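So you can see what is in the structure, the chains are spelled out below.
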Amino acid sequence: MTMETHYSAYFFDLGGTLLALEQDEIACSKTGKVTLLPGVRDHLLPLCGTPVFVITNQAAVALGHLSEATARGFIDQINAAVGQVITDYRICMHHPLAGCPCRKPQPGMVFDLARTHTINLAQAVLIGDTANDEQCAQLAGIGTFLWAHDFFSFC
Ligand SMILES: [Zn+2]
């Protein structure tokens, strides 16, 4: 698809959108390496100069299956592969039942990034792979939601 460059900011989900999943968790090799999904590198590189954010639920941290450092390392690995194009990110590490304001579909992570970087959310886009992401975009007042398989043209 044609690259849309008129958005004020790009908010990306992580697992299933930028990174491959394995049994609903981000696929991670024994050495801790993640796998970028097809098209991610080619579509992110040209976004340099536009705010690019990642927002992800990683309750595995609260559940003790994943360390905070490993979760942050996921973002570092993407950034290393895409020329440091990711401006900032937020990870909700809370338990699913904690009732925190940041776990998607709650819009807390979006609001926090928008405040920090002065983003007009009505002009922004959120790209995700689940109804949870779509609902988060609606609750946050993000103007456009796109499915990851459409944005990155993978299936
Ligand atoms: Zn949270």
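Quick note: structure is the one above.
Before going into details, it helps to say that this report is about the structure given with it. (Residues numbered from 1 in each chain as written. Predicted model: local features only at pLDDT ≥ 70, side-chain atom pairs only at ≥ 80, totals over all residues. Heavy atoms only, no water.)

### What to know about unusual backbone geometry
Note the threshold: Counting from the N terminus, the helices are DSSP H or I runs at least four residues long and the strands are E runs at least two residues long. Only protein chains enter the area calculation, which uses a 1.4 Å probe; residues under 20% of their type maximum are buried, those over 50% are exposed, and those in between are partly exposed.
Across the junction of Lys-104 and Pro-105, the peptide omega takes the value 15°, indicating a cis bond. Mapped onto the fold, Pro-105 is located in the loop between strand S5 (88-92) and helix H3 (108-117). With a phi angle near 55°, Gln-84 is a residue other than glycine that sits in the positive phi range. Along the polypeptide, Gln-84 turns up in the loop between helix H2 (68-81) and S5. Among the residues examined, Gln-84 registers a relative accessible area of 55% and is labelled exposed. Despite not being glycine, Thr-118 shows a phi value in the positive range, around 50°. Secondary-structure assignment places Thr-118 in the loop between H3 and strand S6 (125-128). Looking at Thr-118, the relative accessible area reads 71%, which means it is exposed.

### Some words on the coordination of the zinc ion
To be explicit about the condition: Water is not among the atoms examined, so metal sites may look incomplete; donors are the N, O and S atoms within 2.8 Å of the metal, or within 3.2 Å for Na, K and Ca. Any site counts as irregular unless it has four donors with all angles between 85 and 135 degrees, making it tetrahedral, or four or six donors with opposite ones more than 155 degrees apart and the rest between 65 and 115, making it square planar or octahedral.
Surrounding the zinc ion are the protein donor atoms Cys-92 (SG), His-94 (ND1), Cys-100 (SG) and Cys-102 (SG), which sit 2.1 to 2.3 Å from the metal. Geometry at the zinc ion is tetrahedral, judged from the four donor atoms that bind it and their angles of 99 to 123° at the metal. Taken in sequence order, the residues that donate to the zinc ion follow the motif C-x1-H-x5-C-x1-C. Of this pair, Cys-92 sits in strand S5 while Cys-102 is found in the loop between S5 and H3, placing the two residues 10 residues apart along the sequence. Comparing Cys-92 with Cys-102 shows no difference in burial state: the two are buried.

### Side note on H3
What counts is decided by this rule: Throughout, the arc means that of the directions going from the helix axis to the C-beta atoms. Residues are treated as being in contact if the distance between any of their heavy atoms lies within 4.5 Å.
Regarding H3, the residues found buried are Met-109, Val-110, Leu-113 and Ala-114. All buried residues of H3 lie within an arc of 130° about the axis, which places them on one face of the element. Contact partners of the buried residues in H3: strand S1 (10-12), strand S4 (52-57), S5 and helix H4 (131-140). Two residues or fewer after H3 comes Thr-118, characterised by a positive phi angle close to 50°.

### Here we look at the environment of Asn-79
Inspection of the secondary structure assignment puts Asn-79 in helix H2. Asn-79 sits in the buried class, given a relative accessible area of 9%. Counting along the chain gives 38 residues from Asn-79 to Arg-41, while the straight-line C-alpha distance between them is 9.7 Å.

### Notes on the packing of aromatic side chains
To keep things clear, this is the line we draw: A pair of Phe, Tyr and Trp rings is counted when the ring centres sit within 6.5 Å of each other, with Trp represented by its six-membered ring. The angle between the planes then sorts it: under 30 degrees is stacked, over 60 is edge-to-face, the rest tilted.
Inspection of every chain in the model, using the stated rule, returns eight aromatic pairs. For the ring pair Phe-11 and Phe-53, a centre distance of 5.0 Å and an interplane angle of 45° mean the geometry is tilted. Taken together, the residues Phe-11 in strand S1 and Phe-53 in strand S4 connect sequence positions 42 residues apart. Using a relative accessible area of 0% as the deciding quantity, one classes Phe-53 as buried. On the numbers, 4.9 Å between centres and 90° between planes, the contact of Phe-151 with Phe-152 is edge-to-face. There is no split in this pair, since Phe-151 and Phe-152 are both buried.

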